[in-house]
Amino acid sequence: AQRRAIAQLLARAIHQARQLNDTRAESYALGQLGHLYMETQQWLEARELTEKALTLAQGIQATEIAYRWQWQLSQILQHQGNLTGAIAANREAVHTLQSLRRDLVAINPDVQFSFRETVEPIYRNLVELLLSNQPTPEQLTQARETIESLRLAELENFFREACWQVQRQAIDQIDPQASVIYPIILPDHFAVIVSLPGKPLRYFQTDVTETQIDSTIEQLLQALNPVWSTKERLRLSQQLYDWLIRPIEPELKENEIKTLVFVLDDALRNLPMAALYDGQQYLIENYNIALSVGLQLIEPRSLLPQQLKALTAGLTEARDGFPALPAVELEVENIAAQIPTKVLLNQQFTHQTLTEQIEKTPFPVVHLATHGQFSSKAENTFLLTWNSRIKVKDLDQLLQTRQRQNANPIELLVLSACQTATGDKRAALGLAGLAVRSGARSTLATLWSVNDESTAQLMVEFYRQLTQSQVSKAQALRQAQLTLLRQPNYQHPFYWAPFVLVGNWL
């Protein structure tokens, strides 16, 4: 009875819109009526009404309505078993939404879509459609591009800005010994797309629900605390390894892959891939590991040993409610012993001094040993200085000023002692956002706050490795992590696993 009443109201609205020659209102009412028929599974009527609504919206270039009807049409065609049509309509919805969001953000940064409810499902559904029923190489390529577009859309949403200069890079052009892995969490299975140099994209999936995957990730994150049972941690770690790595192990070995680059999905981003366990060894024992927001944002370039010159800033004393970091002094001293370094410690480490130093001298490496937090909200993502918090947007302006002035981008930004916000399942988005917006080619950071003595040791070894010729940043990080892993005091993943390299791994 309620649905009938709503249908009558919508029919009246359609009639009145036509009388008033209000095409926008007519399109909206037709689409809503189509949605009502969709809910009652009257697919033919739903499709006819939705197509009419879409034609009207496109006729007046009302993109803010058109993407909704394209998305609705895709869902209807999917239920009718028309997979090709559903993919085409879903793809159109993604394209329309991308242009619409950029236009809106350019006009008014405060205009904000409810990303999780409105935007993300449209991208994810397209990926699910493309990967259903033994995907072709072309569909795998489209699915990968859709995932990368979703990652960029997330960052635009995070910063309320549409300002990405993107360029696609083929993995074998970047590194012939690297493989890029795209894990995708779908409602009924765990999908993985794998890019190997010079080979067609590979695809495999495991039948496991999104709820099971999320639960396993959450339990493993808790189990990475040293107080948890080692047996339980290894079981969970191996479970994820079996879903994510095991099916492609033979091909990784066959292609002599040395570096795994992960474009991680959702809750996986808070989890250190280095700690995945194959039953005998951790993943880091066999591969260099890096993270990427997407290959569209990679600018391949190695950091040469003779380029190593760092601006290092740190806090050893308690500030702004955060505890002291006594080992930072040792960390800074040891880095200075490895490479030419300008040091700003405690009172010298202010926002203003940091800005002046970055503008004055083209340091290829900026190392910040201080408290900080990554969050899924830009306003809660910050770094701590002696006298203030540097918000992520300010850091962007600070670091990119130098780039605009002398065209020497920061090759490596190291964030020591930062952590992802507790209880924020998408907190690593803040790390990705900071890594991209800083303009640094590579960012080394931690997923959680680590013992500052072990951190100091790892950082010193990392720089020592970088001073060797032919050692990539990913290799240097791996060797530094293995140094801790081989020490009885620090062999637990809690100490070495949270260090992640984001961006260019060369």
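Figured I'd write up the structure that's included with this text. (Residues numbered from 1 in each chain as written. Predicted model: local features only at pLDDT ≥ 70, side-chain atom pairs only at ≥ 80, totals over all residues. Heavy atoms only, no water.)

So, on to the overall build of the protein chain. Scanning the protein chain from terminus to terminus reveals 18 helices and 13 strands. Rg of the C-alpha trace for the protein chain: 25 Å, near the compact-globule value of 23 Å for 506 residues, within the 12% margin. Projected onto the principal axes, the alpha-carbon positions of the protein chain cover approximately 80 × 50 × 40 Å. Burial analysis of the protein chain (506 residues in total) assigns 56% to the buried set. Looking at the protein chain as shown, the accessible area adds up to about 21,500 Å², and 46% of this sits on carbon and sulfur atoms. Once the 45 positive and 52 negative side-chain charges of the protein chain are each reduced to a mean point, those two points are 1 Å apart. (Helix = DSSP H or I, 4+ residues; strand = E, 2+ residues; numbered from the N terminus. Rg over C-alpha atoms; globule rule 2.2 N^0.38 Å. Buried < 20%, exposed > 50% of the residue type's maximum accessible area, 1.4 Å probe, protein only. Areas by Shrake-Rupley, 256 points an atom, 1.4 Å probe, with all protein chains shown as cover. Lys, Arg positive; Asp, Glu negative; His and termini not counted. Charge placed at Lys NZ, Arg CZ, Asp CG, Glu CD.)

We now examine helix 2 (residues 23-39). Across its 17 residues, helix 2 extends 24 Å between first and last C-alpha, which sits within 8% of the 24 Å expected from 1.5 Å per residue. Burial in helix 2 covers these residues: E26, S27, A29, L30, G31, L33, G34, L36 and M38. On the buried face of helix 2, the contacting elements are helix 1 (2-19), helix 3 (43-59) and helix 4 (63-79). Positive phi appears at Q41, one or two residues downstream of helix 2, with a value of about 60°. (Expected span 1.5 Å × (residues − 1). Contact = heavy atoms within 4.5 Å.)

Before going further, it helps to spend a moment on empty space enclosed by the protein. Counted according to the given criterion, the structure contains four cavities of 30 Å³ or more. For the largest cavity, the lining is made up of 15 residues, of which R269, S292, V293, A428 and A432 are closest to its centre. Contributing elements (two or more residues each) for the lining of the largest cavity: helix 7 (137-159) and helix 15 (428-437). Residue contributions to the lining of the largest cavity peak at four residues, all from helix 15. Classifying every residue of the lining of the largest cavity by side-chain character gives 11 nonpolar, one polar and three charged. Its boundaries defined by the atoms lining it, the second largest cavity holds a volume of some 80 Å³. Lining the second largest cavity are 13 residues, with A274, I289, F499, V500 and L501 positioned closest to its centre. Those elements that place two or more of their residues in the lining of the second largest cavity are strand 5 (288-291), helix 17 (473-485) and strand 13 (499-503). Taken together, the residues that form the lining of the second largest cavity break down as 12 nonpolar, one polar and no charged. (1 Å grid on protein atoms, 1.4 Å probe; cavity = no way out; pocket = protein on both sides within 12 Å on 5 of 7 lines; lining within 4 Å. Points joined across faces, edges and corners; volume = space filled by probe spheres on them. Nonpolar A, V, L, I, M, F, W, Y, C, P; charged D, E, K, R; others polar.)

Its boundaries defined by the atoms lining it, the largest pocket holds a volume of some 920 Å³. Elements with a contribution of two residues or more to the lining of the largest pocket: helix 6 (115-131), helix 9 (210-223) and strand 11 (412-420). Considered class by class, the residues forming the lining of the largest pocket number 15 nonpolar, nine polar and 11 charged.

A separate point is the side chain of T216. Among the structural elements, T216 can be located in helix 9. Look at T216 and you get buried, because its relative accessible area is 10%. Among all residues touching T216, those that are not within four sequence positions of it are L236, Q239, L240 and W243.

Strand direction decides the pairing type here: strand 2 (residues 190-195) and strand 3 (residues 202-206), joined by five bridges, are antiparallel. Paired with V192 across the strands is F204, a residue of strand 3. Linking strand 2 to strand 3, which pair antiparallel, is a turn of six residues; within it G198 sits at a positive phi near 70°. (Pairing = 2+ DSSP bridges.)

The phi dihedral of Q61 falls on the positive side, at around 55°, and the residue is not glycine. As for its placement among the helices and strands, Q61 is situated in the loop between helix 3 and helix 4. Overall, Q61 belongs to the exposed group, its relative accessible area being 70%.

Take the packing of aromatic side chains next. Applying the stated criterion across every chain, the model contains nine aromatic pairs. Each ring, one from Y277 and one from Y282, has its centre 5.2 Å from the other, and the planes form 55°; the classification is tilted. Here Y277 matches Y282 in class, with each residue buried. For the ring pair F462 and Y463, a centre distance of 5.4 Å and an interplane angle of 70° mean the geometry is edge-to-face. (Phe/Tyr/Trp six-rings, centres within 6.5 Å; stacked < 30°, edge-to-face > 60°.)

A separate point is the pattern of salt bridges. Pairing between side chains of opposite charge can happen when the charged atoms of each approach one another. Across all of its chains, the model carries 17 salt bridges by this definition. The shortest N-O distance in the salt bridge between R202 and E251 comes to 2.6 Å. Remark: E251 occurs in helix 11 (residues 249-254) and R202 occurs in strand 3; sequence separation between them is 49 residues. Measuring nitrogen to oxygen at the nearest pair gives 2.8 Å for the salt bridge that ties R246 to D242. With relative accessibility at 29%, the residue R246 sits in the partly exposed group. Given a relative accessible area of 29%, D242 falls into the partly exposed group. In the salt-bridge network here, residues are joined through shared partners; they are E120, R124, R151, E154, D265 and R269. (Salt bridge = Lys/Arg side-chain N within 4 Å of Asp/Glu carboxyl O.)

Here we take up the environment of L224. The topology assignment puts L224 in the loop between helix 9 and helix 10 (230-244). With a relative accessible area of 3%, L224 lands in the buried category. Taking C-alpha positions, L224 is 9.5 Å from S237, a pair spaced 13 residues apart along the chain. Leave out the neighbours within four places in its chain, and L224 touches R233, L271, P272, A275, W448, H492, P493 and F494.

Mapping L368 onto the fold places it in strand 8 (residues 365-374). For L368 and C418, which are 50 residues apart along the polypeptide, the C-alpha to C-alpha distance reads 9.3 Å. If we skip the residues at most four places from it in the chain, L368 touches A313, F349, L354, L383, L413, V414, L415 and S416.

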